[in-house]
Amino acid sequence: MAACVVVTGLVSALALSASVAAQPRRHVTIAAGAVDGVDYPIAGAMSRITSDARGLSVRATVESSAGSVANVQLIRSGEADFALLQNAIAYYAFNGIALGAFAGKPVKGMAGVFSVYPELVHIVVSPAVGSGSEQNALQILEIYGIGGGDLRAAVRVSFTAAVDQLKAGVVDAAFFTTALGAPVVAEAFGSGQLELLGVGPTAGEALGRKYPFYTIGEIPANTYKGQEREVATASVMAMLVARSALSEDLVYRFTKAVFDNLPQLYAAHAAARNLTLQTALVGMPLPLHRGAERFFKEKGISR
């Protein structure tokens, strides 16, 4: 009789295990930027972490894209569930302002999850000069009382082209909004003829009051060749957003999995090391997804 009970229990347990294993895992997509950029490897680490997480039951994949604006469009269309994008772009999109892609067409179907790392505004100038990247440049100049019409010429070019024009002396200054230690800025400094211009504390405070997605960050001395002093500058944040329609439990478990496995995320790219519980909501311009809000409340973190 006892043997019969044991066998029956074993069969039941096996049947239950097979039933659980047979449950389909939900496919979720994380939109990132270019394959050779900063966001793509970070998104890749998130996909591995969350796909392996117990109790989450998702299969996460990463989709390469043209960048922040494209990622918002993927969220809007439902083609992506999560996306990494610049917090300034998230602010413009959610409020339907500034950029042509969003002006008068707010994207309300996305919510904040957490901020990941700072993208510092590198103002690279020739030594003679005393005073999206395009929006950052115009907003910073505005705080100093300089409008677009006050510039003799302003050109919108790729990072690589901007470096070439700086080296050739064709332009006096270039604005690069990118992660600390970015190769493109390092290449510009390789000429030995350029320097970084900082944003002063008064201007920085004014910038933050007018545009709530800005913070002030530091570019430590010797980050780039010949850069002998620390430079304070404006900073935006690369952040993770989610479709608002995703369930609270899914986003809660996704967020928890990432923070439970931060060393794995840090190994993906040096920029990811900026993410901690204490920095997770810095520069957050959107309402939090209810799943993320639940996670941070449990951790005693508030905005």
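Here the structure is a predicted model, which means the values were calculated and not measured. Every chain is numbered on its own, with residues counted from 1 as its sequence reads. With the structure being a predicted model, the display of local features is reserved for residues of pLDDT at least 70 and the display and counting of side-chain atom pairs for 80 or more, all residues being used for whole-chain, interface and lining totals. The side-chain values count all of the structure's non-hydrogen atoms but skip hydrogen atoms and water molecules.

## Quick look at the packing of helix H2 (residues 39-52) against helix H9 (residues 248-260)
Heads up, the condition is: To get an axis, fit a line to the C-alpha atoms, keeping to the stretch in contact for a helix; angles then go from 0 to 180 degrees between the N-to-C directions. For helices the rule is a DSSP run of H or I covering at least 4 residues; for strands it is a run of E covering at least 2, with both sets numbered from the N terminus onward. An angle below 35 degrees is treated as roughly parallel, one above 145 as roughly antiparallel, one from 65 to 115 as roughly perpendicular, and anything else as oblique. The contact rule is simple, with two residues in contact once any of their heavy atoms fall within 4.5 Å. For this classification, Asp, Glu, Lys and Arg are treated as charged, while Ala, Val, Leu, Ile, Met, Phe, Trp, Tyr, Cys and Pro are nonpolar and the rest, including Gly, are polar.
The N-to-C vectors of H2 and H9 enclose an angle of 110°; their axes lie 9 Å apart at closest approach. Taken as axis vectors, H2 and H9 run roughly perpendicular relative to one another. Of H9, the residues touching H2 (which contributes Met46, Ile49 and Thr50) are Phe254, Ala257 and Val258. In terms of residue class, the contact of H2 with H9 is made up of 5 nonpolar, 1 polar and no charged.

## What to know about the packing of aromatic side chains
To describe a pair of aromatic rings, you give the distance between the ring centres and the angle between the ring planes. Heads up, the rule is: Classification of ring pairs rests on two measures: the distance between centres of Phe, Tyr or Trp rings, Trp counted by its six-membered ring, which must be within 6.5 Å, and the angle between planes, read as stacked under 30 degrees, edge-to-face over 60 and tilted in between. For every residue, the accessible area (1.4 Å probe, protein chains only) is compared with the maximum for its type, and the residue is labelled buried under 20%, exposed over 50%, or partly exposed between those bounds. Criterion for a charge above a ring: Lys NZ or Arg CZ within 6 Å of the ring centre, and within 35 degrees of the ring normal.
For the coordinates displayed, the defined rule picks out 13 aromatic pairs. Their ring planes at 70° and their centres at 6.4 Å tell us that Tyr91 and Tyr92 sit as a pair that is edge-to-face. On the basis of an interplanar angle of 80° and a centroid distance of 6.2 Å, the ring pair of Tyr211 and Tyr214 is categorised as edge-to-face. The exposure class assigned to Tyr211 is buried, which follows from its relative accessible area of 14%. When the ring centre of Phe94 is taken as origin, the NZ or CZ atom of Lys108, which lies over that ring, is 3.9 Å away. It is Arg294 that lies over the ring of Tyr252; its NZ or CZ is 3.7 Å from the centre.

## Some words on the side chain of Arg243
Going by this rule: Nitrogen and oxygen atoms within 3.5 Å of one another constitute a polar contact, given that in protein one can donate a hydrogen and the other can accept it, and given that sequence-neighbouring residues count only through two side-chain atoms.
As for its placement among the helices and strands, Arg243 is situated in strand E8 (residues 231-243). Within the structure, Arg243 has its side chain in polar contact with the side chain of Asp81 (distance 2.8 Å). The residues contacting Arg243, other than those within four sequence positions of it, are Arg26, Ile75, Gly78, Ala80, Asp81, Gly109, Met110 and His289.

## Examining helix H8 (residues 201-210)
In plain terms, the rule: Directions from the helix axis toward the C-beta atoms define the arc.
Here H8 has its buried residues at Ala203, Gly204, Ala206 and Leu207. Mapping the buried residues of H8 onto a view down its axis gives an arc of 165°, with all of them on the same face. Turned more than 90 degrees from where H8 packs its buried face, Pro201, Thr202, Glu205 and Arg209 sit exposed.

## Observations concerning the pattern of salt bridges
Where we set the bar: Salt bridges are defined by distance alone: a side-chain nitrogen of Lys or Arg within 4 Å of a carboxyl oxygen of Asp or Glu.
Applying the stated criterion across every chain, the model contains 5 salt bridges. For Arg294, the salt bridge identified is with Glu248, shortest N-O distance 3.7 Å. In this pair, Arg294 is assigned in helix H11 (residues 290-298) and Glu248 in helix H9, connecting sequence segments 46 residues apart. Using a relative accessible area of 31% as the deciding quantity, one classes Glu248 as partly exposed.

## Brief notes about the pairing of E8
Our working rule: Two strands qualify as a pair provided that DSSP identifies no fewer than 2 bridges between them.
With respect to burial, E8 is a largely interior element, 12 of its 13 residues being buried. When strand E3 (residues 82-86) meets E8, the two strands line up antiparallel, connected through 5 bridges. What sits directly across from Leu85, in E8, is Met239. Sheet analysis places strand E4 (residues 110-125) next to E8, joined by 9 bridges and oriented antiparallel. Within E8, the residue paired with Pro118 across the bridge is Met237.

## Here we look at the pairing of E4
For E4, the buried fraction is high: 15 of the 16 residues fall into the buried class. Summarising the sheet, E4 and strand E5 (residues 173-178) pair through 6 bridges and their orientation is antiparallel. Bridged to His122 within E5 is Phe176. The sheet contact formed by E4 and strand E6 (residues 195-197) spans 3 bridges and is antiparallel. Across the sheet, the residue bridging to Val124 is Leu196, located in E6.

## Section: H9
Quick note on the threshold: An expected span of 1.5 Å times one less than the residue number is assigned to each helix.
For H9, which comprises 13 residues, the first-to-last C-alpha distance of 18 Å matches the rise-based estimate of 18 Å (1.5 Å per residue) to within 8%. Among the residues of H9, Leu250, Val251, Tyr252, Phe254, Thr255, Ala257, Val258 and Phe259 are the ones counted as buried.

## Examining the environment of Ala103
In this structure, Ala103 sits in the loop between helix H4 (87-95) and E4. Separated by 10 residues in sequence, Ala103 and Ala93 place their C-alpha atoms 7.8 Å apart. What Ala103 contacts, discounting residues up to four positions off in sequence, is Gly96 and Ile97.

## Observations regarding the nonpolar core
Worth spelling out the cut-off: The term nonpolar core refers to a set of buried residues drawn from Ala, Val, Leu, Ile, Met, Phe, Trp, Tyr and Cys, joined through side-chain atoms within 4.5 Å.
Core analysis: the biggest nonpolar cluster contains 79 residues, and Ile42, Met46, Phe82, Met110, Phe114, Leu265 and Phe296 have the highest contact counts within it. Ignoring anything within four residues of it in the chain, the contact list for Phe296 reads Val113, Phe114, Thr255, Phe259, Leu277, Ala280, Leu281, Leu288 and Ile301. In this structure, Leu120, Val185, Ala188 and Ile219 belong to the second largest nonpolar core, which totals 18 residues.

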